[in-house]
Amino acid sequence: MKIFAAFFLSIIFFINLSAQDRYEKAMKKNLSMMESTNTVEEFLVVANGFERIALAEKNKWLPYYYSAWVYTIAGFTDTVKLKKDSYLDKADKLILIADSLQPDNSEIYTLKGMIAQARLQIDPMNRWMKYGALSDQYFKKAIAIDSLNPRPDYLIGVGLFHTPQQFGGGPKTAKPYLEKSLAKYNQFQPANDLMPNWGRNMVESLLNQIAETDSTDTK
């Protein structure tokens, strides 16, 4: 009887190990595709890929998170306003599921703030009051949960960089947040290969643009 029980447990162990291996391979494949996407159509293919993983792995938050992230990027990228909001509606639903599986997670609140930013940029004049406040709320929450997460400061900096100076934005206003984000990126180490690790390249690019502008202004 003990031998049978041990044999049964070993089978369960290897089944679980195999399922985890399939999950990690599928996630890494989609993450690799995500890094090389450029068009809205390609983003949607990747988002659907993460959704399929989520349907197979209903207790894991990362597939929902990444699918929401890609839909958010599609919301920033597409030029048709109605399509932008439809992508962000999808992102909102997916990130709520991720939040239910992994409550009080800094990365999830960061993405909630990013979704609010994407809503705002569709119609800044009419959406600023609602979505500006909402993104600020989510980023503050993300930082409160994990003060070493570089992405909230990055997204705050991006938002300020693209906000006109007369409304309190501009490159000079964004610079301290981007510098703070870069300092955190220099120390940041994701827990594993599947965890969020995006944003550094854009921070460096924006800081280079600011440095070039500063250099031109001093000549």
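Just so it is clear, the model here is predicted, and its values are computed rather than measured.

**Remarks on the pattern of salt bridges**
(1) Moving on: Evaluated as defined, the whole model comprises 13 salt bridges.
(2) Moving on: One salt bridge connects Lys-28 with Asp-193, and the closest N-O pair in it is separated by 3.9 Å. Residue Lys-28 is located in helix 1 (residues 2–35), and its partner Asp-193 is located in the loop between helix 8 (171–187) and helix 9 (200–218); the two are separated by 165 residues in the primary sequence.
(3) Moving on: For Lys-28, a relative accessible area of 39% translates into the label partly exposed.
(4) Moving on: If you follow the salt bridges from partner to partner, you end up with Asp-85, Asp-89, Asp-92, Arg-119 and Arg-127 in one network.

**Here's the deal with the nonpolar core**
(1) Moving on: Judged by nonpolar contacts, the single largest core of 51 residues is most densely connected at Phe-50, Tyr-65 and Trp-69.
(2) Moving on: Of all the secondary structure elements, the ones that give two or more residues to this core are helix 1, helix 2 (40–56), helix 3 (62–77), helix 4 (81–101), helix 5 (106–122), helix 7 (151–161), helix 8 and helix 9.
(3) Moving on: The biggest single contributor to this core is helix 3, with 10 residues.
(4) Moving on: In this structure, Phe-50 is in contact with Met-27, Asn-30, Leu-31, Met-34, Pro-63, Tyr-66, Ser-67 and Val-70, ignoring residues within four places of it in sequence.

**A short note on the packing of helix 4 against helix 5**
(1) Moving on: Between helix 4 and helix 5, the shortest axis-to-axis distance is 10 Å and the interhelical angle comes to 165 degrees. The angle between helix 4 and helix 5 falls in the class roughly antiparallel. Seen from above, helix 4 lies across helix 5 with left-handed handedness. Residues Lys-81, Lys-84, Asp-85, Leu-88, Asp-89, Ala-91, Asp-92, Ile-95, Ala-98 and Asp-99 of helix 4 pack against Ile-108, Tyr-109, Leu-111, Lys-112, Ile-115, Ala-118, Arg-119, Gln-121 and Ile-122 of helix 5.
(2) Moving on: Of the residues that constitute the contact of helix 4 with helix 5, the class distribution is 10 nonpolar, 1 polar and 8 charged.

**Digging into the packing of helix 6 (residues 124–145) against helix 7**
(1) Moving on: Across the interface, helix 6 lies against helix 7 with an axial gap of 9 Å and an inter-helix angle of 155 degrees. Viewed along their axes, helix 6 and helix 7 adopt a mutual orientation that is roughly antiparallel. Of the two possible hands of crossing, helix 6 and helix 7 adopt the one that is left-handed. Facing helix 6, whose interface residues are Phe-139, Ala-142 and Ile-143, helix 7 presents Pro-152, Asp-153, Leu-155 and Ile-156.
(2) Moving on: Of the residues in the contact of helix 6 with helix 7, the class split is 6 nonpolar, no polar and 1 charged.

Definitions and limits used
Residues numbered from 1 in each chain as written. Predicted model: local features only at pLDDT ≥ 70, side-chain atom pairs only at ≥ 80, totals over all residues. Heavy atoms only, no water. Salt bridge = Lys/Arg side-chain N within 4 Å of Asp/Glu carboxyl O. Helix = DSSP H or I, 4+ residues; strand = E, 2+ residues; numbered from the N terminus. Buried < 20%, exposed > 50% of the residue type's maximum accessible area, 1.4 Å probe, protein only. Core = buried A, V, L, I, M, F, W, Y, C linked by side-chain atoms within 4.5 Å. Contact = heavy atoms within 4.5 Å. Axes fitted to C-alpha atoms, helices over the stretch in contact; angles between N-to-C directions. Parallel < 35°, antiparallel > 145°, perpendicular 65-115°, else oblique. Left-handed = near helix turned anticlockwise from the far one by under 90°. Nonpolar A, V, L, I, M, F, W, Y, C, P; charged D, E, K, R; others polar.

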